[in-house]
Amino acid sequence: MELGSPGVAPGGVSVSAVLPAGGSGERLGGATPKQFCAVQGRPLVSYAVRAMERISWISDVIVVVSPENTETMKTIIEKYGHKKVTVVKGGITRHRSIFNGLKVFAENEFSSHLLQKPEVVIIHDAVRPFVEEDIVAKVVMAAKEHGAAGAIRPLVSTVIASAADGCLDHSLERARYRASEMPQAFLFDTIYEAYQQCTDYDLDYGTECLHLVLKYCKTNAKLVEGTADLWKVTYKRDLYAADSIIKDNLSQQVCVITNVKETLAQVGFLLPESLKSQIKVEAISQSLSKNDSHLQNIISGQCYNFVCVNVHLDISENNSFSIGMEDLTMIKKFARETKKKNILVYGLLIQCKDPLLLQETVNSAAALIMALIKDRNPELIGQLLVA
């Protein structure tokens, strides 16, 4: 299948997303709702928002939160630079919250500034952080054709029913059934009509959006095979699993920043080449001390969630480090600023007196960089490490 080109959704339809994030997290335990729990230093909801924002053809992302968490969500949006997001106050149940999210496109009395109504709307849980563009595109295309679509996965366990006495009544043939996952997508007019018609019982006790459009609009959803990473963070152990997956994802790319001095040109070439066999590398030649704000823009745009390494080369006749206090200060300052957006910056001094041993030294530096980004230790940011 062909995915949408930048800014154009699959099938040429306009698309927005609604992310219900109003849950209390009772099954997780603890005082903080799971969508606001920090995973690798960033709230879980921010990963889900970012996953939608990165898809260029999604116009708006509506995040629906409980009234008491509205300001918390707005703070997250500002801190992590989310651009497409509108925060909406949710209802007392999941369906009431989703309905509120849809209303910002259709009801003047609900929103002082109506957003442009999309042809297709995606509904995706704020606690499912690993959704990729490919599966989103598939459900959008299926929704355009069938009116509704949703991702599914094979059942892991057999579903059984118990009798009144607590004994086994019957079991379902697992091969015939699937687990309903997210994302789901709908023609906006279809899902909105379904919510307008559904009863208070549906709004208070229902859980499945696909069922609502079938019940009230006679729209039979297309089921799309999803990927294994669409699972929902529900229990505390899921947070640990999400942390491990996100940490691994964050360690897939590194931005190598080398100084612009001519003596560093060789290491600016050799170091990325040494790393490329292990990891995706973004190489930038930039002086921290001369244009710090420009560098921050580059990092935020190209290496949004990756460790960035500042590299210095010292080929000298004495044993002293040639890096100056100004450079050290700039590294520390830059590291502190970027940490606010969950970007970790480390300083690296490559010392080499014998040019013939430069490749060997660079390989040692590459090994040190790999260890840093796999560990992602925030205590080491801004420190000057020596290879």
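Throughout what follows, the structure given in this document is the object of discussion. (Residues numbered from 1 in each chain as written. Predicted model: local features only at pLDDT ≥ 70, side-chain atom pairs only at ≥ 80, totals over all residues. Heavy atoms only, no water.)

**Some details on the sheet that holds strand β1 (residues 15-20)**
Here's step 1: Judged by pairing direction, the sheet is mixed, and its seven strands sit side by side in the order β5-β4-β1-β6-β10-β7-β11 without closing on themselves. With partners counted over all chains shown, the strands left at the sheet margins are β5 (85-89) and β11 (222-225), one partner each. Averaged over all pairs of adjacent strands, the angle between strand axes in this sheet comes to 25°, irrespective of strand direction.
Here's step 2: Bridge count between strand β7 (residues 148-154) and β11: four bridges; the pairing is parallel. Following the sheet pairing, A149 is matched in β11 by K222.
Here's step 3: The sheet contacts of helix α1 (residues 44-53) involve β1, β4 (58-65), β5 and β6 (120-123), and relative to β4 the element is tilted by about 160°.
Here's step 4: Where helix α7 (residues 209-217) meets the sheet, its contacts fall on β6, β7, β10 (178-187) and β11, and the angle it forms with β10 comes to roughly 60°. (Pairing = 2+ DSSP bridges. Helix = DSSP H or I, 4+ residues; strand = E, 2+ residues; numbered from the N terminus. Axes fitted to C-alpha atoms, helices over the stretch in contact; angles between N-to-C directions. Contact = heavy atoms within 4.5 Å.)

**What about the side chain of H124?**
Here's step 1: When you line up the elements, H124 lands in the loop between β6 and α4 (133-146).
Here's step 2: A relative accessible area of 0% places H124 in the buried class.
Here's step 3: Ignoring any residue separated from it by four or fewer positions in sequence, one finds H124 in contact with V18, L19, P20, M52, V131, M182 and P183. (Buried < 20%, exposed > 50% of the residue type's maximum accessible area, 1.4 Å probe, protein only.)

**Let's talk about the packing of helix α5 (residues 188-197) against α7**
Here's step 1: Packing of α5 against α7 leaves a shortest axis separation of 9 Å and a crossing angle of 80°. The angle between α5 and α7 falls in the class roughly perpendicular. Only C209, L212, V213, Y216 and C217 of α7 make contact with α5, whose side of the interface consists of T190, I191, E193, A194, Y195 and Q197.
Here's step 2: Its residues assigned to classes, the contact of α5 with α7 comprises eight nonpolar, two polar and one charged. (Parallel < 35°, antiparallel > 145°, perpendicular 65-115°, else oblique. Nonpolar A, V, L, I, M, F, W, Y, C, P; charged D, E, K, R; others polar.)

**As for unusual backbone geometry**
Here's step 1: A cis amide bond links M182 with the next residue in sequence, P183, at an omega value of 10°.
Here's step 2: With respect to the helices and strands, P183 occurs in strand β10.
Here's step 3: The residue Q40 is not glycine, and still its phi comes out positive at about 55°.
Here's step 4: For Q40, the position within the fold is in the loop between β2 (38-39) and β3 (42-43).
Here's step 5: In this structure, K218 is a non-glycine residue whose phi angle is positive, near 55°.
Here's step 6: Tracing the sequence through the fold places K218 in the loop between α7 and β11.
Here's step 7: For K218, a relative accessible area of 69% puts it in the exposed group.

**Side note on the packing of aromatic side chains**
Here's step 1: Overall, the coordinates contain six aromatic pairs when judged by the stated rule.
Here's step 2: Ring centres of Y201 and Y205 lie 4.9 Å apart, and the angle between their planes is 40°; this geometry places the pair in the tilted category. With Y201 and Y205 both in helix α6 (residues 200-205) and four residues apart, the pair spans about one turn of that helix. There is no split in this pair, since Y201 and Y205 are both exposed.
Here's step 3: Put simply, the rings of F99, F105, F188, Y192 and Y195 pair up and form one aromatic cluster.
Here's step 4: Positioned over the ring face of Y47 is R42, at 5.7 Å from the centre of the ring.
Here's step 5: Here K103 stacks its cationic end above the ring of F99, 4.4 Å away from the centre of that ring. (Phe/Tyr/Trp six-rings, centres within 6.5 Å; stacked < 30°, edge-to-face > 60°. Lys NZ or Arg CZ within 6 Å of the ring centre and 35° of its normal.)

**Quick word on the nonpolar core**
Here's step 1: Counting residues in each nonpolar core, the largest one holds 40 residues, and the members touching the most others are I58, M73 and V136.
Here's step 2: Elements with a minimum of two residues in this core: β1, α1, β4, α2 (70-79), β5, β6, α4 and β7.
Here's step 3: At seven residues, α4 tops the list of elements feeding residues into this core.
Here's step 4: In this structure, I58 is in contact with V15, S16, A17, M52, K84, I122 and V136, ignoring residues within four places of it in sequence. (Core = buried A, V, L, I, M, F, W, Y, C linked by side-chain atoms within 4.5 Å.)

**Structural notes on the pairing of strand β12 (residues 253-258)**
Here's step 1: Among the six residues that make up β12, six are buried, leaving the element largely enclosed by the rest of the structure.
Here's step 2: The alternating pattern of β12 places Q253, C255 and I257 on one face and V254, V256 and T258 on the opposite face, and all of these are buried.
Here's step 3: Direction of pairing for β12 relative to strand β13 (residues 280-285): parallel, over a ladder of six bridges. Across the sheet, residue C255 finds its bridge partner in β13, namely E282.

**Looking at the packing of helix α3 (residues 94-103) against α5**
Here's step 1: Running from N to C, α3 and α5 point in directions that differ by 130°, and their axes come no closer than 10 Å. As far as their axial angle goes, α5 and α3 are oblique. Considering how the two elements wind past one another, α3 and α5 form a crossing that is left-handed. For the pair α3 and α5, the contacting residues are H95, I98, F99, L102 and K103 in the first and F188, I191, Y192, Y195 and Q196 in the second. (Left-handed = near helix turned anticlockwise from the far one by under 90°.)

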